[in-house]
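# Chain and residue survey
This is what each chain is made of:
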Amino acid sequence: MPTKKLRVLLAVHKTLLPPENPTAAEIRDSEWSAEYEVATALRDMGHEVKFVGLDDHIGDMRTAIWEFKPQLVFNLTEEFDGVAHFDQNIVSFLELLRVPYTGCNPRGLMVARDKALSKKILSFHSIPTPAFQVFPRHGSTKLATGLAFPLMVKSTTEEASLGIAQASVVQNETQLKERVAFIHEHLDTDAIVEQYISGREVYVGVMGNMRTEALPVWELNFGELSEQAEPIATRRVKWSSAYRKRYKISSGKAELSEAQETEAQDICRRAYRALGLSGYARMDLRLDAQGKFYVLEANPNCHIGEKEDFAQSADSKGLTYSELLWRILNLGLRWQPNRG
Ligand SMILES: Nc1ncnc2c1ncn2[C@@H]1O[C@H](COP(=O)(O)OP(=O)(O)O)[C@@H](O)[C@H]1O
Ligand SMILES: [Mg+2]
């Protein structure tokens, strides 16, 4: 790794600002462990790191840039003013200020956030993704021909498995109507109804701007949950360590043939480019019993905590956490906003 020392402004949500000198136990139980790990790794590399905590006042970012004059903003924000899709506006603001930043560009964030729009683009590029139909909030609830039960009902724009539960997998018209109404009422977004792909769940990390690199395919193993319920990544599967422990749910390198590994990585690199992503992202896929992959969605600016799938997958390929962050940082320095 090169030795050039940079002033790095680490942009995080205000509630995720790590305290000064936390204890090991505080770090382990915290919600800001990723923020802390990134800061520590960057400091260990010799960079000068300052935090800016954002909530609903973008002036805080401008002031921090004014005072600290960073060469790069390391962007770990996921929302602004409580609105998840305002994450794209934060990087738009940085582009206007001509400050380089890590992670995805505004347009990529906007496209990937909309599952329906993303899938239209993926389909255009012949990238396999489950067949789908959108049920708008005030539109028809008639199921299109060509979609057969079981189906998966989700929000078009929410993420982190918000609105994903066992009831999201529907077997008939009554269940479909109920779940679509649930999404409309409780999440206040349009609903997307997809062909349910029964099979394995795999994730692929991709990094790059023009040239892309895919990380080893990672698998979410549902453990004993598969015996009792539909194996899908609900909120509890993703976020409750007690629940994961109870059902022996774990993640690790996917056991795939070399050809399948390469196929999944190629599909994901193509999807990443088709959606206009930059920086880094984790792609969510399903692999059915016939050995066919389907892209479920793209997650630009995915979690990059040291123990998260993305960093673990990089590590399995021999890329240490520092090396991974160094690459992400350099991709940020090299990204050129479109000025044409
Ligand atoms: N079409 C589908 N077939 C099977 N499982 C699905 C499908 N769509 C989503 N899932 C399950 O639901 C989870 C969350 O869906 P995803 O589209 O990744 O939304 P989120 O943005 O909430 O992560 C997936 O990880 C997967 O387990
Ligand atoms: Mg997902």
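These figures come from a predicted structure and were not determined experimentally.

Our next topic: the overall build of the chain. The number of helices and strands found in the chain is 13 helices and 13 strands. The C-alpha atoms of the chain give 20 Å as radius of gyration, which agrees with the globular expectation for 340 residues (20 Å, within 12%). Put simply, the chain has 340 residues, and 39% of those count as buried.

Around ligand 1 sit 18 residues in total, of which Glu159, Glu194, Ile197, Ile232 and Ala233 are the nearest. Counting residues per element, the ones that place at least two in the shell around ligand 1 are β5 (151-155), β7 (191-195), β12 (279-288) and β13 (293-300). Its residues assigned to classes, the shell around ligand 1 shows nine nonpolar, two polar and seven charged. Looking at the shell around ligand 1, you find at least three residues from each of domain 2 (131-195) and domain 3 (198-334).

Our next topic: the domain arrangement of the chain. Split into domains, the chain comes out as domain 1 (7-101), domain 2 (131-195) and domain 3 (198-334). Using only C-alpha atoms to locate each centre, domain 1 and domain 2 end up separated by 35 Å.

Another point: helix α11 (residues 258-274). With 17 residues, α11 should reach 24 Å at 1.5 Å per residue; the first-to-last C-alpha distance of 24 Å fits that figure. Residues of α11 that are buried make contact with α6 (115-124), β8 (199-208), β9 (212-214), β12 and β13. One or two positions beyond α11, positive phi appears at Gly276, with a value near 70°.

Consecutive side chains along a regular strand alternate between the two faces of the sheet. Along β12, eight of the 10 residues are buried, which leaves the element largely enclosed by surrounding structure. Strand direction decides the pairing type here: β8 and β12, joined by 10 bridges, are antiparallel. Looking at the pairing, Val206 lines up with Ala281 of β12. Alignment of β12 against β13, held across seven bridges, turns out to be antiparallel. By the bridge assignment for β13, Leu285 is matched with Val295. Counted along the chain from β12 to the antiparallel partner β13, the turn is four residues long, and its residue Gly291 has a positive phi close to 85°.

This paragraph deals with the pairing of strand β10 (residues 218-221). Burial of β10 is one-sided: the residues Trp218 and Leu220 facing one way are buried, the residues Glu219 and Asn221 facing the other way are not. Pairing of β8 with β10, which is carried by three bridges, proceeds in the antiparallel orientation. If you follow Val202 over to β10, its bridge partner there is Glu219.

A few words now on the nonpolar core. In this structure, Ala11, Val38, Phe74, Val204, Ala271, Met283 and Leu285 are the most contacted members of the largest nonpolar core, which totals 85 residues. The contacts of Val38, once residues within four sequence positions are left out, are Leu10, Phe74, Leu76, Ile304 and Leu325. In terms of nonpolar packing, the next biggest core, distinct from the first, is built from five residues, Leu220, Phe222, Val237 and Ile249 among them.

For the rest of this paragraph, the subject is the sheet that holds β7. If you trace the four strands from one edge of the open sheet to the other, you get β4-β7-β5-β6, paired in antiparallel fashion. Two strands in the sheet have a free side with no partner beyond their single neighbour: β4 (132-135) and β6 (169-170). Relative to β7, β4 runs antiparallel, the two being bridged by four bridges. Across the sheet, Phe135 pairs through a bridge with Ala191, a residue of β7. Lying on the sheet, helix α7 (residues 173-187) is in contact with β4, β5, β6 and β7; it crosses β5 at an angle near 10°.

Two elements in contact, helix α2 (residues 33-44) and helix α13 (residues 321-334), have axes separated by 10 Å at closest approach and are oriented at 90°. Taken together, the axes of α2 and α13 lie roughly perpendicular to each other. Across from Val38, Ala41, Leu42 and Asp44 in α2, the residues of α13 making contact are Tyr321, Ser322 and Leu325. Its residues assigned to classes, the contact of α2 with α13 shows five nonpolar, one polar and one charged.

On to the packing of helix α4 (residues 87-96) against helix α5 (residues 106-113), then. Two elements in contact, α4 and α5, have axes separated by 8 Å at closest approach and are oriented at 170°. Comparing their axes, α5 and α4 come out roughly antiparallel. Seen from α4, the contacting residues are Asp87, Gln88, Val91 and Ser92; seen from α5, they are Pro106, Leu109 and Met110. Taken together, the residues that form the contact of α4 with α5 break down as four nonpolar, two polar and one charged.

Strands sit in the order β2-β1-β3 across an open sheet of three strands; the sheet is parallel. The sheet is open, and its two borders are formed by β2 (48-54) and β3 (72-75), each paired with just one other strand. Strand-to-strand twist in this sheet, taken as the mean axis angle between neighbours without regard to direction, amounts to 30°.

Before going further, it helps to spend a moment on unusual backbone geometry. Along the chain, Phe149 connects to Pro150 via a cis peptide bond; the corresponding omega equals 0°. By the secondary structure assignment, Pro150 is in the loop between β4 and β5. Although it is not a glycine, Asp81 sits at a positive phi angle of roughly 55°. Its place among the elements puts Asp81 in the loop between β3 and α4. A residue is classified by how many C-beta atoms lie within 10 Å of it, and Asp81, with 11 of them, is exposed.

Thresholds, definitions, all that
- Residues numbered from 1 in each chain as written.
- Chains lettered and ligands numbered in written order.
- Predicted model: local features only at pLDDT ≥ 70, side-chain atom pairs only at ≥ 80, totals over all residues.
- Helix = DSSP H or I, 4+ residues; strand = E, 2+ residues; numbered from the N terminus.
- Rg over C-alpha atoms; globule rule 2.2 N^0.38 Å.
- Buried ≥ 20, exposed ≤ 12 C-beta atoms within 10 Å, placed from the backbone.
- Near = placed C-beta within 6 Å.
- Nonpolar A, V, L, I, M, F, W, Y, C, P; charged D, E, K, R; others polar.
- Domains from an automatic or database assignment.
- Expected span 1.5 Å × (residues − 1).
- Contact = placed C-beta atoms within 7 Å.
- Pairing = 2+ DSSP bridges.
- Core = buried A, V, L, I, M, F, W, Y, C linked by C-beta atoms within 7 Å.
- Axes fitted to C-alpha atoms, helices over the stretch in contact; angles between N-to-C directions.
- Parallel < 35°, antiparallel > 145°, perpendicular 65-115°, else oblique.

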